[in-house]
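# Structural overview for review
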Amino acid sequence: MFAQVALIDILVVLLYLFVTGYLGWLGYRGTKTTTDYLVAGRKAHPFIMSLSYGATFISTSAIVGFGGAAGLFGMSLLWLTFCNIFVGIFIAFIFLGEPTRQMGHRLDAHTFPELLGRRYQSRVVQVFAGAVIALFMPLYGAAVLIGGTEFIATAFHIEYNTALLLFATIVAAYVFFGGLKGVMYTDALQGVIMFVGMFVLLIYTYVSVGGVVEGHRTLTDLKDLLPGTLTSIGHRGWTSMPEFGFGDPKYNLWWIVVSTIVMGVGIGVLAQPQLAVRFMTVKSKRELNRAVGVGGVFILAMTGVAFTTGALSNAYFAIHGPLFQGRVIRTIDADKGHVLLQLVRPAEGGAWLDLIKQTNPNGSTTNFTAAIPTNTEGQWLPVAKQTNAVGAILEGTLLPAVLDAQQPYLTPGPGPNRVAQGRSISVVVAKGVSDQIIPTYITTAMPKWFGLIFLLTLLAAAMSTLSSQFHTVGTAVGRDVVETIAPRRTTGGHDHTISIVRVSILVGLVLAVLIGYYAKKEAYVVSIIPRATAIFFGLCASTFLPAFVGGIMSRRVTPPAALASMLVGFLVTALWLTFVKLPECTTIGLVKASVFAHAPNWPSVDPLFIGLPLSVLTLLVVSAFTRPTDSRHLDHCFGTRNPGASA
Amino acid sequence: MLGIPDPWVWLAYILCLLSALACVVYSWRHWNRGDETVQPDDVRWAKQEDQLEEKL
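Below or above, wherever it landed, is the structure these notes cover. Here the residue numbers are simple positions, counted from 1 along each chain's written sequence. Whichever chain is written first becomes A and whichever ligand is written first becomes 1, with later ones labelled in order. Only residues with pLDDT of at least 70 get local features here, since the model is predicted, and only at 80 or more are side-chain atom pairs given and counted; chain-wide, interface and lining totals rely on the full set of residues. As a rule here, side-chain values come from all non-hydrogen atoms in the structure, and water together with hydrogens is ignored.

## Describing the overall build of chain B
For clarity, the cut-off: For the purposes of this entry, the term helix denotes a DSSP run of H or I that reaches at least four residues, the term strand denotes a run of E that reaches at least two, and both are numbered from the N terminus. Exposure classes here rest on a 1.4 Å probe applied to the protein chains alone. A residue is buried below 20% of its type maximum, exposed above 50%, and partly exposed in between. Per-residue and other accessible areas were derived by the Shrake-Rupley procedure at a 1.4 Å probe size, with only the shown protein chains allowed to occlude residues.
A tally of helices and strands in chain B yields two helices and zero strands. Residues counted as buried form 34% of the 56 residues belonging to chain B. Here chain B displays about 3,400 Å² of accessible surface, and carbon together with sulfur accounts for 63% of that area.

## Things to note about the overall build of chain A
Here is the rule we go by: The contact criterion used throughout is that any non-hydrogen atoms of two residues lie within 4.5 Å.
Looking only at helices and strands, chain A has 23 helices and eight strands in total. Taken across its 647 residues, chain A has 59% of its residues classed as buried. Considering only intrachain contacts with a sequence separation of at least 6, the fraction spanning at least 24 residues in chain A is 74%. When the accessible area of chain A is evaluated, it comes to approximately 25,500 Å², of which 65% is carbon and sulfur surface.

## Focus on the interface of chain B and chain A
One frequent convention defines the size of an interface as the accessible area lost when the parts assemble. To be explicit about the condition: Put simply, a salt bridge is a Lys or Arg side-chain nitrogen that is within 4 Å of an Asp or Glu carboxyl oxygen. N or O atoms within 3.5 Å of each other form a polar contact, as long as, within protein, one can give a hydrogen and the other can take it, and as long as residues adjacent in sequence are counted only when both atoms are side-chain atoms.
Residue-level contacts link 43 residues of chain B with 60 residues of chain A. There are zero salt bridges connecting chain B and chain A. At the junction of chain B with chain A, the criterion picks out 15 residue pairs in polar contact (both at pLDDT 80 or more). At the level of elements, α1 (7–29) and α2 (40–55) of chain B are the ones that each hand at least two residues to the side of chain B that touches chain A. Top element by residues in the side of chain B that touches chain A is α1 of chain B. It accounts for 15 residues.

## Section: the pattern of salt bridges
On inspection of all chains with the given rule, the structure shows 13 salt bridges over all chains. Ionic pairing is found between Asp404 of chain A and Arg423 of chain A, a salt bridge with its closest N-O pair at 2.9 Å. Here the residue Asp404 of chain A occupies a position in the loop between β7 (398–403) and β8 (420–423), and Arg423 of chain A occupies one in strand β8, the gap between them amounting to 19 residues. As far as the burial class goes, Asp404 of chain A and Arg423 of chain A line up, both buried. The residue Arg44 of chain B makes a salt bridge to Asp41 of chain B at a minimum N-O spacing of 3.6 Å. Taken together, the residues Arg44 of chain B and Asp41 of chain B, both in helix α2 and three residues apart, mark about one turn of the helix.

## Describing the packing of helix α4 (residues 60–73) of chain A against helix α14 (residues 285–320) of chain A
Residues and elements named next belong to chain A. Condition: Structural elements are reduced to axes, namely lines fitted to C-alpha atoms, with helices fitted over the stretch in contact, and the angle between N-to-C directions of any two is expressed from 0 to 180 degrees. Angle categories are assigned with fixed cut-offs, so that under 35 degrees is roughly parallel, over 145 is roughly antiparallel, 65 to 115 is roughly perpendicular, and the rest are oblique. A crossing counts as left-handed when the near helix is turned anticlockwise from the far one by less than a right angle, and as right-handed when that turn is clockwise. We call Asp, Glu, Lys and Arg charged. Ala, Val, Leu, Ile, Met, Phe, Trp, Tyr, Cys and Pro are nonpolar, and the rest, Gly among them, are polar.
One way to put it is that α4 packs onto α14 with a least axis distance of 7 Å and a crossing angle of 40 degrees. Relative to α14, the element α4 lies oblique. The handedness of the crossing between α4 and α14 comes out as right-handed. Together, Ala62, Ile63, Phe66, Gly67, Ala70 and Gly71 of α4 and Met302, Thr303, Ala306, Phe307, Gly310, Ala311 and Asn314 of α14 make up the contact between the two elements. The residue makeup of the contact of α4 with α14, split by class, is eight nonpolar, five polar and no charged.

## So, a nonpolar patch on the surface
Residue and element names in this part refer to chain A. Rules: Patch membership needs two things, relative accessible area over 30% and no salt bridge, and members are linked within 9 Å if like-charged or within 5 Å if nonpolar (Val, Leu, Ile, Met, Phe, Trp, Tyr).
Taken together, the side chains of Leu614, Val616, Leu617, Leu620, Val621 and Phe625 make up a nonpolar region of the molecular surface, amounting to roughly 580 Å² of accessible area. When you line up the elements, Val616 lands in helix α22 (residues 607–625). Residue class for Val616 comes out partly exposed when judged on its relative accessible area of 34%.

## A look at the pairing of strand β1 (residues 323–333) of chain A
Residue and element names in this part refer to chain A. Here is the rule we go by: Only strands that DSSP links by at least two bridges are regarded as paired with each other.
With four bridges joining them, β1 and β8 adopt antiparallel strand pairing. When the bridges of β8 are listed, Leu323 appears paired with Arg423. Of the pairings in the sheet, the one linking β1 to strand β2 (residues 338–346) comprises six bridges and is antiparallel in character. Looking across to β2, one finds that Arg327 is bridged to Gln342. Between the antiparallel neighbours β1 and β2 lie four residues, among them Gly337 with a positive phi of about 75 degrees.

## Describing the nonpolar core
Residue and element names in this part refer to chain A. Stated precisely, the cut-off is as follows: Only buried residues count toward a nonpolar core, which is a set of Ala, Val, Leu, Ile, Met, Phe, Trp, Tyr and Cys residues joined through side-chain atoms within 4.5 Å. What fixes the domain bounds is an automatic or database domain assignment.
In this structure, Ile58, Ile63, Phe73, Phe93, Leu116, Phe167 and Phe544 are the most contacted members of the largest nonpolar core, which totals 188 residues. When residues of this core are assigned to their parent elements, the largest contribution, 18 residues, is made by helix α7 (residues 123–156). Formed jointly, this core draws a minimum of three residues from each of two domains, domain 1 (7–15 + 59–319 + 435–506) and domain 2 (323–423). Leu116 has contacts with Val125, Ala129, Phe544, Ala547, Phe548 and Met566, leaving out every residue within four places of it along the chain. By size, the runner-up hydrophobic cluster in this structure holds five residues, among which are Leu189, Ile193, Ile453 and Ala460.

## Remarks on the environment of Ala351 of chain A
Residues and elements named next belong to chain A. You can see Ala351 is positioned in the loop between β2 and β3 (352–359). Residues Ala351 and Ile372, 21 residues apart in the sequence, show an inter-C-alpha distance of 9.6 Å. Here Ala351 is in contact with Arg345 and Pro346, once residues within four sequence places are set aside.

## As for the packing of α7 of chain A against helix α17 (residues 448–485) of chain A
Residue and element names in this part refer to chain A. One can describe the packing of α7 onto α17 by two numbers: an axis separation of 8 Å at closest approach and a directional angle of 160 degrees. Relative to α17, α7 is oriented roughly antiparallel. As α7 runs across α17, the sense of the crossing is left-handed. Within the contact of α7 with α17, the residues separate by chemical class into 26 nonpolar, eight polar and three charged.

## A look at the packing of aromatic side chains
Residues and elements named next belong to chain A. Applicable threshold: Stacked, tilted and edge-to-face pairs are distinguished by plane angle, under 30 degrees for stacked and over 60 for edge-to-face with tilted covering the rest, among Phe, Tyr and Trp rings (Trp via its six-membered ring) whose centres lie within 6.5 Å. Here, over-ring charges are defined by two tests on the NZ atom of lysine or the CZ atom of arginine: distance to the ring centre within 6 Å, and angle to the ring normal within 35 degrees.
Under the definition given, this model contains 25 aromatic pairs over all chains. Note on Tyr204 and Tyr316: the rings are 6.5 Å apart at their centroids and 40 degrees apart in plane angle, and the pair reads as tilted. Taken together, the residues span a long stretch of sequence, with Tyr204 in helix α9 (residues 184–208) and Tyr316 in helix α14 at a distance of 112 residues. Seen from their ring centres, Phe246 and Trp255 are 5.3 Å apart, and the 85 degrees between their planes marks the pair as edge-to-face. The class of Phe246 is partly exposed, set by a relative accessible area of 39%. By relative accessible area, Trp255 is classed as buried at 11%. Here the guanidinium or amino end of Arg418 rests over the ring plane of Tyr409, the centre of that ring lying 3.6 Å away.

Next comes the structure, spelled out in structure tokens:
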């Protein structure tokens, strides 16, 4: 779509870049250190702070990855938006923000593992937390990276691997040459543009599909066009929850949506290392109180709009999408004009040819045209599925469609051999890859200049998120692992640590790119962006959440309990991913199929459902049976003189 | 409701709006609450944080 860009498009983009640069310079020149904000009393408007937080928190993973998942699975993902707002903003800011800030300052902790390590007076806790973050954060980084890459590849029609390399190079330059220090005003501007962009997207989408109620009804009516692969696992349409139950493959989707996407990410946000440390950078609880409102509305405008428009994009494409020509193989619903088309292409002399899909033994596919098979009376027949001499599968290219209201048939007359035309759903237009639904929708539906600005803003938001992710990886290795294990053996002290931090950032980035490269080759019902994000969020919840929340809220949680809880949460998650969870267990490769392959639904249950309860239980039981921590240390942690005050 | 047949989905839709509204109401009612004087711990933490950022 962006191949032909007009002068107005270039001017709008240049204006955007100029304003971004100017605001970035203003912010950099004005208030630039933490001391300025916290101590020197320079006030940052809570509106600016919230939007900056939001722009860093929300990235391409949420909008492209999870918005695309909503395009595939439907509006049931709005439960994740509810969790994002209620758990990720309301509970996190109101109940966890202030204790985290106070304890972090009292213990002089600057990273999440350092906070845990100092609260529990345990270097093992700090090193373990640092190692888990360093090893698994690149997975989440890969999710954000892939989101940006999919958008670039779709918008500019360039190959995925080229786009991945291009985007990774830009990110590396940003992270290494000054990107580590967030510029609040630029982040806030990105936040404003994302907010406005998503709002415009929502209004445009609802207007395009006939309004809120009509749009939802249109989407509901499209459920009979769902691919069989989705209905067989419990998809009941984009405006319905998947079928609930346990013990049958038809309940798999409910467990995928609720246990992995909604709960895994919705709860996991509370124990995100790069977000928890943000609470320490505010001056008092007043700033957190003020940020809650803007944060809640911002998240609603980001994930709420992404998930709603992601699902509604199916209705948009069914009404306004590209037309496909084909012959009707099966009528799904005559009243609604829902049919199954065998795609055809025009040939010379007014004839038509079938589009055939060839799936090679290595999984690659190619398309070619062939003459339409007929019976003895000349009537067209369906394409028979067959396997050729080299093992490639040849079959017709079928597509569910809504017949065009103005001209449903291209060929005149009521005869049997007629070519129809119709539009399909976004799931099909994006070739079944949910990560491509949002980029395809925006580049198809929106004006060019808007698409370009949206692209730039999404990429900028992705870069601020990536920057904070890899900063966290670097400090986890340098400060939390190396400096904690061998503080005196590091030649050159802090300078040596800085080198380790930089190398770790580079290694983390390379790992993320490799994950992005190899993950593209996998095909699974839940695509790589939401999967990778959910794995990291779930892992953080099971490993850190009980020890983190227990540590800042209660004096009774003991160091052995925290360590045991973290180990149990981590090990259960790792074992579940390695041996049970699909498709992760087969991707890791120690088993060829889930060890619970014969027990339906278990391979779809997220590790969080097993790991977090066990981790909480371990924390409670071990705390009950171990000696309480020295009260003087607890007084220091909680800023109290009365040992029982916060118990 | 809202053209959505499944109560569990329209409930999520409504709860998203209500939870965002709850955030706004909370902020509005607590706009001036929670201000604290800067403690020595805060000053030490901020200076240390700046030093770390400067090195990176």
